[in-house]
Amino acid sequence: MADPETRTLSSPAPAVVLLSGGLDSAVALASARDAGYTPYALSIRYGQRHRIELECARRLAETMGVAQHRTIDIDLAAIGGSALTDDIPVPKEGGDGTIPVTYVPARNTIFLSLAMAWAEVLGARDVFLGINAVDYSGYPDCRPEFVTAFERLASVATKAGVEGYGLRIHAPLLTMTKADIIRRGMELGVDFAQTSSCYDPDAGRLACGRCDACRLRLKGFADAGVRDPASYVDSVRGP
């Protein structure tokens, strides 16, 4: 069930942007807007434990000038298998090189499928998402091969593709370091205080500072020489 939030912008070049409410998706949204597209933001309530990110997505959509923001409900918790959707502790130490338990099975494939469907309805030929294959947790659906394969799928799985209007998948952050993503976001005017990255915030919605997402975020801000505006359980933040 979707809950549309309609705004009043129009453009001959609409693009669907997957907006989680995290740092990367906010910069992807700003990148789409900077490239001249009118962004239509799509967020997914999929049973994630860190639902604060959806509140962040709503605020980002309100302040970053999207044409429309929709939040769609799906229940990946019914499948489980991830620390983000199941009763599995979120790891708080560095990984061992294997795909971590915070990986949500097929998540980006499902999300891109929903974005592809909405793009068809809108007549949009472009979808943006904020995946990254440099400073990341090793998820298989954040790699260049995945983006290329999904774009091929879109060309044969949609009416638009069959009629010769292929869908373009844009991953503008794919080969950037987290520090470079933060610098790019600052150039584009992203308010990182409105974003949430933590996989396991406390009851007061403070970030844990120790999960993969927090550690990558904190390192990115430190490497960029910028103080992270997010609120954490402890008081240690960047420079």
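Our subject is the structure listed above.
Since this is a predicted model, take the numbers as computed values, not measurements.

### Observations concerning the overall build of the protein
Move 1: Helix and strand counts for the protein come out as seven helices and six strands.
Move 2: Taken from N to C terminus, the helices and strands of the protein fall in the order β-β-α-β-α-β-α-β-α-α-β-α-α.
Move 3: By the compact-globule yardstick of 18 Å for 239 residues, the protein fits well, its C-alpha radius of gyration being 17 Å.
Move 4: Along the first, second and third principal axes, the C-alpha set of the protein runs to 55 × 35 × 30 Å.
Move 5: Expressed as a percentage of its 239 residues, the buried residues of the protein come to 50%.
Move 6: Accessible surface, the protein: about 10800 Å² in total, of which carbon and sulfur atoms supply 53%.
Move 7: With 25 positive and 29 negative side-chain charges, the protein shows a spacing of 2 Å between the two charge centroids.

### Structural notes on helix H1 (residues 23-34)
Move 1: With twelve residues, H1 should reach 16 Å at 1.5 Å per residue; the first-to-last C-alpha distance of 17 Å fits that figure.
Move 2: A large share of H1 lies buried, amounting to ten of its twelve residues.
Move 3: Here H1 has its buried residues at Leu23, Asp24, Ser25, Ala26, Val27, Ala28, Leu29, Ala30, Ser31 and Ala32.
Move 4: Looking one or two residues past H1, Gly36 carries a phi angle of roughly 100°, positive in sign.

### With respect to the packing of aromatic side chains
Move 1: Taken as a whole and assessed by the stated rule, the structure comprises six aromatic pairs.
Move 2: When the ring of Tyr40 is compared with that of Trp118, the centres are 5.9 Å apart and the planes differ by 85°; the resulting orientation is edge-to-face. Highlighted residues: Tyr40 in strand E3 (residues 38-45) and Trp118 in helix H3 (residues 107-122), separated in sequence by 78 residues. Accessibility classification places Tyr40 together with Trp118 in one group, the buried group.

### Considerations on the environment of Phe221
Move 1: Mapped onto the elements, Phe221 comes out in helix H7 (residues 212-224).
Move 2: Measuring from C-alpha to C-alpha, the distance between Phe221 and Ile181 comes to 9.6 Å, with 40 residues separating the pair along the chain.

### Focus: the pairing of strand E4 (residues 68-73)
For a regular strand, side-chain orientation follows a simple rule: the groups alternate between the two sheet faces.
Move 1: Here six bridges tie E3 to E4, and the two strands are oriented parallel to one another. Residue Ala41 lies in a different strand from E4, and its bridge partner there is His69.
Move 2: With respect to chirality, the unit in which E3 leads through helix H2 (residues 52-63) into the neighbouring parallel E4 is right-handed.

### Here we look at empty space enclosed by the protein
Move 1: Taken as a whole, this structure holds one cavity of 30 Å³ or more when the rule is applied.
Move 2: Here the largest cavity defines a volume of roughly 710 Å³.
Move 3: When residues of the lining of the largest cavity are traced back to their parent elements, those giving at least two are H1, E3, H2, H3 and H7.
Move 4: Of the residues assigned to the lining of the largest cavity, the class counts are 16 nonpolar, twelve polar and six charged.

### Structural notes on the environment of Asp73
Move 1: Positionally, Asp73 belongs in strand E4.
Move 2: Given the relative accessible area of 34%, Asp73 is considered partly exposed.
Move 3: Considered as a pair, Asp73 and Ser43 are 30 residues apart in the sequence and their alpha carbons are 8.9 Å apart.
Move 4: Among the polar contacts listed, one links the side chain of Asp73 to the side chain of Arg45, at a separation of 2.7 Å.

Rules behind the numbers
Residues numbered from 1 in each chain as written. Predicted model: local features only at pLDDT ≥ 70, side-chain atom pairs only at ≥ 80, totals over all residues. Heavy atoms only, no water. Helix = DSSP H or I, 4+ residues; strand = E, 2+ residues; numbered from the N terminus. Rg over C-alpha atoms; globule rule 2.2 N^0.38 Å. Buried < 20%, exposed > 50% of the residue type's maximum accessible area, 1.4 Å probe, protein only. Areas by Shrake-Rupley, 256 points an atom, 1.4 Å probe, with all protein chains shown as cover. Lys, Arg positive; Asp, Glu negative; His and termini not counted. Charge placed at Lys NZ, Arg CZ, Asp CG, Glu CD. Expected span 1.5 Å × (residues − 1). Phe/Tyr/Trp six-rings, centres within 6.5 Å; stacked < 30°, edge-to-face > 60°. Pairing = 2+ DSSP bridges. Right-handed = clockwise from strand over helix to strand, strands pointing away. 1 Å grid on protein atoms, 1.4 Å probe; cavity = no way out; pocket = protein on both sides within 12 Å on 5 of 7 lines; lining within 4 Å. Points joined across faces, edges and corners; volume = space filled by probe spheres on them. Nonpolar A, V, L, I, M, F, W, Y, C, P; charged D, E, K, R; others polar. Polar contact = N/O pair within 3.5 Å; in protein donor to acceptor, adjacent residues only side chain to side chain.

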